[in-house]
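Listed here are the chains, written in short residue letters.
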Amino acid sequence: MTQSLTIARPDDWHLHLRDGAMLQAVLPETARHFGRAIIMPNLVPPVISGAQAVAYKDRIMAALPEGMSFEPLMTLYLTEESDPEDIAAAHATGLIKAVKLYPAGATTNSASGVANFKNVRAALEKMAEIGLPLCVHGEVTDHDVDIFDREAVFIDRVLDPIRKSTPGLRVIMEHITTQDGVAYVQDNADGLGATITTHHLIINRNHILVGGIKPHYYCLPVAKREEHRLALRAAATSGDARFFLGTDSAPHLDGDKESACGCAGCFTATNTMPLLAHVFEEEGALDHLESFASRNGPGFYDLPVNQDTLTLVKNQQATVFPDKIESPQGPVTVFSPGYDVFWTVAE
């Protein structure tokens, strides 16, 4: 028997589109299902000024195929040289919806990120004053901290002190991966939200390492133990408005993933919505999928919910997703959950 679920068109509150030929290749995969997305600014060079954000948005819109509707929600990359007044001016135009904090060296193209958090104090205070949210990649990069502990340590050493010293600053903990992240959000009701990715609801660290290294499951923050994955699933499917979808869909060429020093990132834009329907059905929470994917994010960002809808259909035969997306430079592997999924998006 066919089963269907219609929800408000979802948004993606953490997305990598890259630039140039890669942008043109992957943008349709998001625009097919999502109305809007928070666009990550970690290009090379990074998007650090309002003028650069305008130019990047123009390139995104130029790459959008005819007949597709999609709104990129632009962000600025926070550096120790960021100008608080430029941030405020870009926000005042309506262009900038958030500023992104990368600890220096934490992930892809984060070399321009923050090493000394005292040097961004003025920018954070300005953001709190004007109500501009801070999106946080929440990991320390200290060499003495184990990679599986970096999120929990970041909460204690960096995030909590920043929030306590900057009253009114609204923060999104992006792509949380641990029980610690879930608990911190649940214990702090005011001005704090968190995005959860599709792939962190599906894989744990065994999927990356058992039976051989699986480069297309390698991401940052890296997937953790099973107990953490289950905590994320419980949070995402709970209906709690502080948790919402941010895929962190991150395209890399197969040659860059399957190398001696492989890039971090899972490309999930193509099949996120069917995968989420599967996860939420497993948790007996299909009635909360719309909140997670379509309503909680707009609520945090003070934006309207999309008026158009998306319908998911469950069939008796397993859905066949493409293995790869082709780009002019080469293929990009689409994330596979490793099991059959019977949901698809109705065209």
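For the structure itself, consult the block above.
Predicted model only: the values in this text are computed from it and were never measured.

Thresholds, definitions, all that
Throughout, residues of each chain are indexed from 1 in the direction in which the sequence is written. Side-chain atom pairs in this predicted model are given and counted only at pLDDT of 80 or more, local residue features only at pLDDT of at least 70, and totals for whole chains, interfaces and linings cover all residues. Just so you know, side-chain values use all the structure's heavy atoms and leave hydrogens and water out. For every element, the axis is a line fit to its C-alpha atoms; helices are fit only across the contacting stretch, and the angle between N-to-C directions ranges from 0 to 180 degrees. Numbering goes from the N terminus for both helices and strands, where a helix is a DSSP run of H or I of at least four residues and a strand is a run of E of at least two. When an angle is under 35 degrees it counts as roughly parallel; over 145 it counts as roughly antiparallel; between 65 and 115 it counts as roughly perpendicular; any other value is oblique. Two helices crossing with the near one rotated counterclockwise from the far one by less than a right angle form a left-handed crossing, whereas a clockwise rotation gives a right-handed crossing. Residue contacts follow a heavy-atom distance rule, with two residues in contact if any of their heavy atoms lie within 4.5 Å. Lys, Arg, Asp and Glu make up the charged group, whereas Ala, Val, Leu, Ile, Met, Phe, Trp, Tyr, Cys and Pro make up the nonpolar group; the residues left over, Gly among them, are polar. At least two DSSP bridges between two strands are required for those strands to pair.

What about the packing of helix 3 (residues 84–92) against helix 4 (residues 121–130)?
Moving on, step 1. As a packed pair, helix 3 and helix 4 sit with axes 9 Å apart at the nearest point and diverge in direction by 30 degrees. In this view, helix 3 runs roughly parallel relative to helix 4, as classed from their interaxial angle. Crossing of helix 3 over helix 4 shows right-handed handedness. Residues Pro-84, Glu-85, Ile-87, Ala-88 and His-91 of helix 3 pack against Ala-122, Ala-123, Lys-126, Met-127 and Ile-130 of helix 4.
Moving on, step 2. Of the residues assigned to the contact of helix 3 with helix 4, the class counts are 7 nonpolar, 1 polar and 2 charged.

Let's talk about the sheet that holds strand 10 (residues 309–314)
Moving on, step 1. Taking strand neighbours across the sheet as the criterion, the 3 strands line up as 1-10-13 in an open arrangement whose pairing is antiparallel. In this open sheet, the two edge strands, each paired with only one partner strand, are strand 1 (3–8) and strand 13 (343–345). The sheet shows a mean angle of 25 degrees between the axes of neighbouring strands, direction not considered.
Moving on, step 2. The pairing of strand 10 with strand 13 spans 3 bridges and is antiparallel. By the bridge assignment for strand 13, Lys-314 is matched with Trp-343.
Moving on, step 3. Strands strand 1, strand 10 and strand 13 of the sheet are contacted by helix 10 (residues 272–282), whose axis makes an angle of about 140 degrees with strand 13.

Focus: the side chain of Thr-268
Moving on, step 1. By the secondary structure assignment, Thr-268 is in the loop between helix 9 (254–257) and helix 10.
Moving on, step 2. Discounting chain neighbours no more than four positions away, the residues touching Thr-268 are Thr-198, His-199, Thr-247, Ser-249 and Phe-335.

Remember, this is a structural readout, not a statement about activity or role.
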